[in-house]
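Listed here are the chains, written in short residue letters.
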Amino acid sequence: DAMVIQNPRYQVTQFGKPVTLSCSQTLNHNVMYWYQQKSSQAPKLLFHYYDKDFNNEADTPDNFQSRRPNTSFCFLDIRSPGLGDAAMYLCATSRGTTGNIQYFGAGTRLSVL
Amino acid sequence: DAKTTQPPSMDCAEGRAANLPCNHSTISGNEYVYWYRQIHSQGPQYIIHGLKNNETNEMASLIITEDRKSSTLILPHATLRDTAVYYCIVRGDNTDKLIFGTGTRLQVFP
């Protein structure tokens, strides 16, 4: 019973062609996160939503945007993917009070050709 | 957030206890120690967390030293399915963020 669902699991895009990754959750959590994980590296937080409030990490490139139309869904938009954006993208949720456990999806592996 | 130091890799025989150490010498009073693991090609999975007392759940035990500068995650009877990267994370009670370090790659062998 997947609780944080990421689609697709694998995504291939072309250099410079916009791509959107999606995440949905059945936990009714009010915080949703996006992480980038490059090969053999640890996950790195890109941004998160606390309800509708967007919180960007200082070093997240402008090329990365996010939308959260409702509690259940969150999207990661990469406006002009470069070869360096090839990575696993992980979505996570938490209940929203500080210190709560984060639940992760299985990730979307993005390839850029 | 305080930084953590973990050995890059460890081996463990199946059925034996796996003891994964973590140093967090700059931890402050309101920071918790969290452990997550990431099995290959999957998202990270929460294991356990603690503040200063030892904790145990169905997955593992967490032993935190009295000065809180280090901790050990114990998998009492490791199985092949426990092969993963284990991340020790120090997290303040005033933040929702997880800052992942490099982790320990645990290999459980038959």
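All values derive from a computational prediction rather than experimental measurement.

(A) Representation of the overall build of chain B within the structure. A tally of regular secondary structure across chain B gives zero helices and nine strands. Sequence-ordered secondary structure for chain B, helices as α and strands as β, is β-β-β-β-β-β-β-β-β. Its C-alpha atoms give chain B a radius of gyration of 13 Å, within 12% of the compact-globule value 13 Å for 110 residues. Within the span of chain B, comprising 110 residues, buried residues form 45% of the whole. If you take every contact in chain B between residues at least 6 apart in sequence, the share linking residues at least 24 apart comes to 56%. Total accessible area computed for chain B in this model is approximately 5,600 Å², and 48% of it derives from carbon and sulfur atoms.

(B) Molecular detail of the state of the cysteines. Inspection of the entire model under this criterion finds two disulfides over all chains. Between A:C23 and A:C91 runs a disulfide, and the two sulfur atoms are separated by 2.0 Å. On the S-S bond that ties A:C23 to A:C91, the torsion sits near -75°, and the link is left-handed. Residue A:C23 is located in strand 3 (residues 19-25), and its partner A:C91 is located in strand 9 (residues 87-94); the two are separated by 68 residues in the primary sequence. Disulfide pairing is shown between B:C22 and B:C88; the S-S distance is 2.1 Å. With the S-S bond torsion at -80°, the cross-link from B:C22 to B:C88 turns out left-handed.

(C) Broad picture of the sheet that holds strand 8 (residues 84-92) of chain B. All names here are of chain B. With mixed pairing, five strands are arranged side by side in an open sheet as 1-9-8-3-4. Of all strands in the sheet, those bounded by a partner on one side alone are strand 1 (9-13) and strand 4 (45-50). Between one strand axis and the next, the sheet turns through 25° on average, direction left out of account. Examined bridge by bridge, strand 3 (residues 31-38) and strand 4 share five bridges and lie antiparallel to one another. The residue bridging R37 from the neighbouring strand is Q45, located in strand 4.

(D) Structural detail: the side chain of B:H24. Residue and element names in this part refer to chain B. Here H24 lies in the loop between strand 2 (18-23) and strand 3. Relative accessible area serves as the criterion here: at 0%, H24 is assigned to the buried category. The residues touching H24, leaving out its near neighbours within four places in the chain, are K3, T4, V33, R68, K69, S70, S71, C88 and V90.

(E) Spatial organisation of the sheet that holds strand 1 (residues 4-7) of chain A. Residues and elements named next belong to chain A. Strand order in the open sheet formed by four strands is 1-3-8-7, with antiparallel pairing between adjacent strands. On the outer flanks of this sheet lie strand 1 and strand 7 (64-67), each paired with one strand and no other. Ignoring which end each strand starts from, the neighbouring axes of this sheet average 20° apart. Two strands pair when backbone bridges link them, and strand 7 and strand 8 (residues 73-78) are joined in this way by four bridges, in the antiparallel orientation. Paired with S66 across the bridge in strand 8 is L76.

How each quantity is defined
- Residues numbered from 1 in each chain as written.
- Chains lettered and ligands numbered in written order.
- Predicted model: local features only at pLDDT ≥ 70, side-chain atom pairs only at ≥ 80, totals over all residues.
- Heavy atoms only, no water.
- Helix = DSSP H or I, 4+ residues; strand = E, 2+ residues; numbered from the N terminus.
- Rg over C-alpha atoms; globule rule 2.2 N^0.38 Å.
- Buried < 20%, exposed > 50% of the residue type's maximum accessible area, 1.4 Å probe, protein only.
- Contact = heavy atoms within 4.5 Å.
- Areas by Shrake-Rupley, 256 points an atom, 1.4 Å probe, with all protein chains shown as cover.
- Disulfide = S-S within 2.5 Å.
- Pairing = 2+ DSSP bridges.
- Axes fitted to C-alpha atoms, helices over the stretch in contact; angles between N-to-C directions.

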